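The chain contents come next:
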Amino acid sequence: MNTELLNALNPDQRKAVESIDGPVLIVAGPGSGKTRVITYRIAYLINVVGIRPYHILAVTFTNKAAREMKERLEKLAPGSIKDITMGTFHSICAGILRREGEAIGINRDFVIFDADDQEKLLKRAAEEIGVDPKKFPLKKIASAISHAKSQLQTPERFRDKSHSYFDEIVVRMYEHYEKMLRANNAVDFDDLLLKTVFLFQRQPSVLKRYQERYVHIMVDEFQDTNLVQYELVKQLSGHHRNIAVVGDPDQSIYSWRAADLRNVFNFERDFPDRSVHYLEQNYRSTDTILQVASGIIADNRERKEIKLWTQNEPGDKVCLIEAYNEQEEAQIVVREAERMSASGKYRLADMAVLYRTNAQSRVLEESFIHYGVPYKLVAGTRFYERREVKDLVAYFRLIHNPADSVSLMRIINVPTRGIGDKSIVDMQAWARQRDLTLWQALEAASSSDDKPPLTSRALAAFDHFYRLIQTLIEDSRQLSLLQLFGEILERSGYQLYLKTQPDAEERLENIAELRTVAEQFNNLPSGDALSFFLESVSLVSDVDNLKENEGGVTLITLHQAKGLEFPVVFIVGMEESVLPHFRSLEDPSQMEEERRLCYVGVTRARQRLYLLRAFRRSMMGSSKVNEPSRFLGAIRSDLTTGSLPKADAPKTQTGVKKIYEYSTRQAQTPPRMETRRPATSMAPVVSAGRPVKSDRPVAPLFKTGDQVSHPIFGDGVVISTMPVKNDHEIVVSFKTVGLKKLLLSFAKLTKG
Ligand code: ATP
Ligand code: MG
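These numbers were taken from a predicted model, which means no experiment stands behind them. (Residues numbered from 1 in each chain as written. Chains lettered and ligands numbered in written order. Predicted model: local features only at pLDDT ≥ 70, side-chain atom pairs only at ≥ 80, totals over all residues. Heavy atoms only, no water.)

K.L.:
Sorry if this is basic, but what is going on with helix α12 (residues 262-270) here?
P.N.:
Each α-helix turn comprises 3.6 residues. Residues three or four places apart therefore point the same way. Along α12, the positions that sit buried rather than exposed are N263, V264, F267 and E268. Buried positions in α12, seen along its axis, are confined to an arc of 150 degrees and lie on one side of it. In α12, those exposed residues whose orientation departs by more than 90 degrees from the buried face are R262 and R269. Check the buried side of α12 and you find it contacts β1 (24-28), α11 (227-236), β7 (243-247) and β8 (275-279). (Buried < 20%, exposed > 50% of the residue type's maximum accessible area, 1.4 Å probe, protein only. Helix = DSSP H or I, 4+ residues; strand = E, 2+ residues; numbered from the N terminus. Arc of directions from axis to C-beta. Contact = heavy atoms within 4.5 Å.)

Encoded structure:
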């Protein structure tokens, strides 16, 4: 018996791990080891209790979390992970539907439509039923449909609850959209969950099999489950009732995705025999950071107080920094990150910059590029959203499921094969008249005498395409996934086409990266390999792209940072209207969610925390002066300092060299900023999307923070300096006239 593993737990965690019979609720604050308890519980079940891994189901919030948990488990209970069912609700349901979906009319080869595909489908739906997207924005409709689905509402049920004309439009679109999904043999993300619930409702024998299989079920981040997910948990645990859920109501931040923190309380109601465990010791953060966090969350009304304490050192004070504007804010972050990395105390990969909205990353990125400091952006340049990756995936999807018209449309003329938009429209109309999918129409046009009214040239082009895909479909039954990969690139002409594109090298590298993904599935039988490959491609989330070992500071939204931890955390934009977001200012319950979001951010930090704000910020096209965030007001002043820490250690030559070498290396691999050219006049030096080693730290005479004097504008402070062609651009905040952008060679600036 291997009970040694329990020594790595404190007594409360240990109890939570050992109570394995019946429903268990573990409520605990950030960094108290909730995720660790789940991991150890699984190891305990396998090593000590002797449960077969096959009987264990564990739900994580991201695929990345699942991967990490598997890595830990591989050490704790070697050889067990391949048989455990572990992943997000979405990936688990995708697997169930793939195996069992036929029972409710879902074909085994279904594809999963992402937000982009969904938008295309809705656009077509709007055209087909005459809904004007200008009056009824498709994004709003998409989110209404998604919301309905996460509340288990079919179009019929939604209709019963609809009140407004907009709701009525949503119902019509929802109905038509569902029809189109079916015609494409596709499901969207919400369907993965919803259809699984329906499957279990309608097929009790199927449910029974899964209920019997999953003797032990565990769910992490339970506070962010929505109704459908909770329903699944109840269904699956219906037989053995060994269900352990782990959550922190103070970290519930996804109500906009219909997550409902009441599920934590409903669990207590629905499982009255549950045992409850509280974990109070925080292992992650310094005492100072923990107290700052507690001060912030204490202002929320709708909460059960969770005690939290730590044995960790008080650590450094939290830095509260005011910058003049968002550019300066970014600059402070980058230079501080650079300084710490040069001191050797932290690696760049130990640091993260957290922000409220994606848009805030742009200025940060520009600054990182400008100073040549490597960074990785979690959202924004999602690998799977890159054009060449989507194109190639569309080939795979079409081969897997020819009914997928969205994929078909994406590649029918990529690379160009003489199939014009007009002929496509005509072909679609012809297909509709005959009630055929686009693929069936192509098939009919190629093989029967009943042909659509198109020119013979157009018909020949369609025929050529049809034969191409048909051959690839046949190949897919015999070849390995990697062989198929090669065939697609070759026969479709896509590889040749890519070579003629600007940025060809980078695009081919992305294709190579996709190939490494495919490689993981290569040993499976052909059909399965393709299914699993496509499924994994559909289900990656932004956070999954975060590669731990790669150097570089992580740029990430507060939402995505959930569950993660970093030795050093910068939170930028600590201002009213930013954090808290302006949409929450009038709504007390939204305000509470913003406070929780801030709390999540603060509690990601292990040793150092910087809270930055800008006096003036450009938002949505205009420059605004925002008050400091109300959350800062909740922090005890003895826990903070207004100045940056003194140097950690002398800046050694090797330290500097290390970063420099890194930047050079980074410039050879595809940097993540390629699709995001800086848009302002303060653009850093960028060539072909790659950072050029600028002569950092830039201006020869002036640097940020220097007091300067100008013959006309008077006294001011240097905000930023930037090399421009043969010169330097300097931004100065003058006492009299405010911000001015000057060229060094013209401005008669003196130090003063
Ligand atoms: P969050 O609410 O942010 O998801 P959590 O409660 O899931 O946090 P974990 O991520 O499991 O917390 O743990 C936080 C950190 O504390 C991790 O680095 C973990 O390894 C460490 N930790 C937890 N419990 C212990 C322990 N008993 N001994 C040593 N380290 C621990
Ligand atoms: Mg956790």
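K.L.:
Help me out: how do you make sense of the site of ligand 1 in this one?
P.N.:
In the region of ligand 1, 19 residues are neighbours, and K34, T35, Q251, E565 and R604 sit closest. Take T35: an N or O atom from its side chain is 2.8 Å from an oxygen atom of ligand 1. The side chain of Q251 places a nitrogen or oxygen atom 2.8 Å from an oxygen atom of ligand 1. Notes on ligand 1: free accessible area 630 Å², of which the protein chains cover 82%. Sort the elements by how many residues they give to the shell around ligand 1 and helix α2 (residues 34-49) lands first, with three residues. (Near = heavy atom within 4 Å. Polar contact = N/O pair within 3.5 Å; in protein donor to acceptor, adjacent residues only side chain to side chain. Areas by Shrake-Rupley, 256 points an atom, 1.4 Å probe, with all protein chains shown as cover.)

K.L.:
What is the right way to read the UniProt feature "binding site: ATP" (unreviewed entry) in the protein from this model?
P.N.:
Mapped onto this structure's residue numbering, the UniProt feature "binding site: ATP" (unreviewed entry) falls at A28, G29, P30, G31, S32, G33, K34 and T35. For A28, the contacting residues outside a window of four places in its chain are K34, G247, D248, L279 and I306. Within the element layout of this structure, G29 appears in the loop between β1 and α2. Excluding residues within four positions of it along the chain, G29 makes contact with K34, D248, Q251, L279, I306 and L308. (UniProt positions renumbered as here; feature names shortened; annotations may be inferred.)

K.L.:
Teacher, can you tell me more about the pattern of salt bridges here?
P.N.:
Pairing of side chains with opposite charge becomes possible as their charged atoms draw close. Tallied over the entire structure, the rule returns 44 salt bridges. R172 is the partner of E168 in a salt bridge, and the nearest nitrogen-oxygen pair spans 3.1 Å. Here E168 and its partner R172 are both found in helix α8 (residues 165-183), four residues apart, which amounts to about one turn of the helix. Linked by salt bridges that have partners in common, K149, E178, D188, D191 and K195 make up one network. (Salt bridge = Lys/Arg side-chain N within 4 Å of Asp/Glu carboxyl O.)

K.L.:
Would you mind going over the packing of helix α16 (residues 387-400) against helix α21 (residues 481-491) with me for this structure?
P.N.:
Each packed pair of helices is defined by two parameters, the angle between the axes and the distance between the axes. Running from amino to carboxyl end, α16 crosses α21 at an angle of 115 degrees, the nearest separation of the two axes being 11 Å. Accordingly, the angle class assigned to the pair α16 and α21 is roughly perpendicular. Where α16 crosses over α21, the two elements pack in a sense that is right-handed. On α21, the residues touching L392, Y395, F396 and I399 of α16 are L481, L484, F485, I488 and L489. Here the contact of α16 with α21 is built from residues that sort into nine nonpolar, no polar and no charged. (Axes fitted to C-alpha atoms, helices over the stretch in contact; angles between N-to-C directions. Parallel < 35°, antiparallel > 145°, perpendicular 65-115°, else oblique. Left-handed = near helix turned anticlockwise from the far one by under 90°. Nonpolar A, V, L, I, M, F, W, Y, C, P; charged D, E, K, R; others polar.)

K.L.:
Mind showing me how you'd approach the environment of A94 here?
P.N.:
Mapping A94 onto the fold places it in helix α4 (residues 89-100). Residues A94 and L192, spaced 98 residues apart in sequence, show a C-alpha to C-alpha distance of 5.8 Å. Once you skip the residues sitting within four places of it in the chain, A94 turns out to touch F110, I112, L192, E535 and L539.

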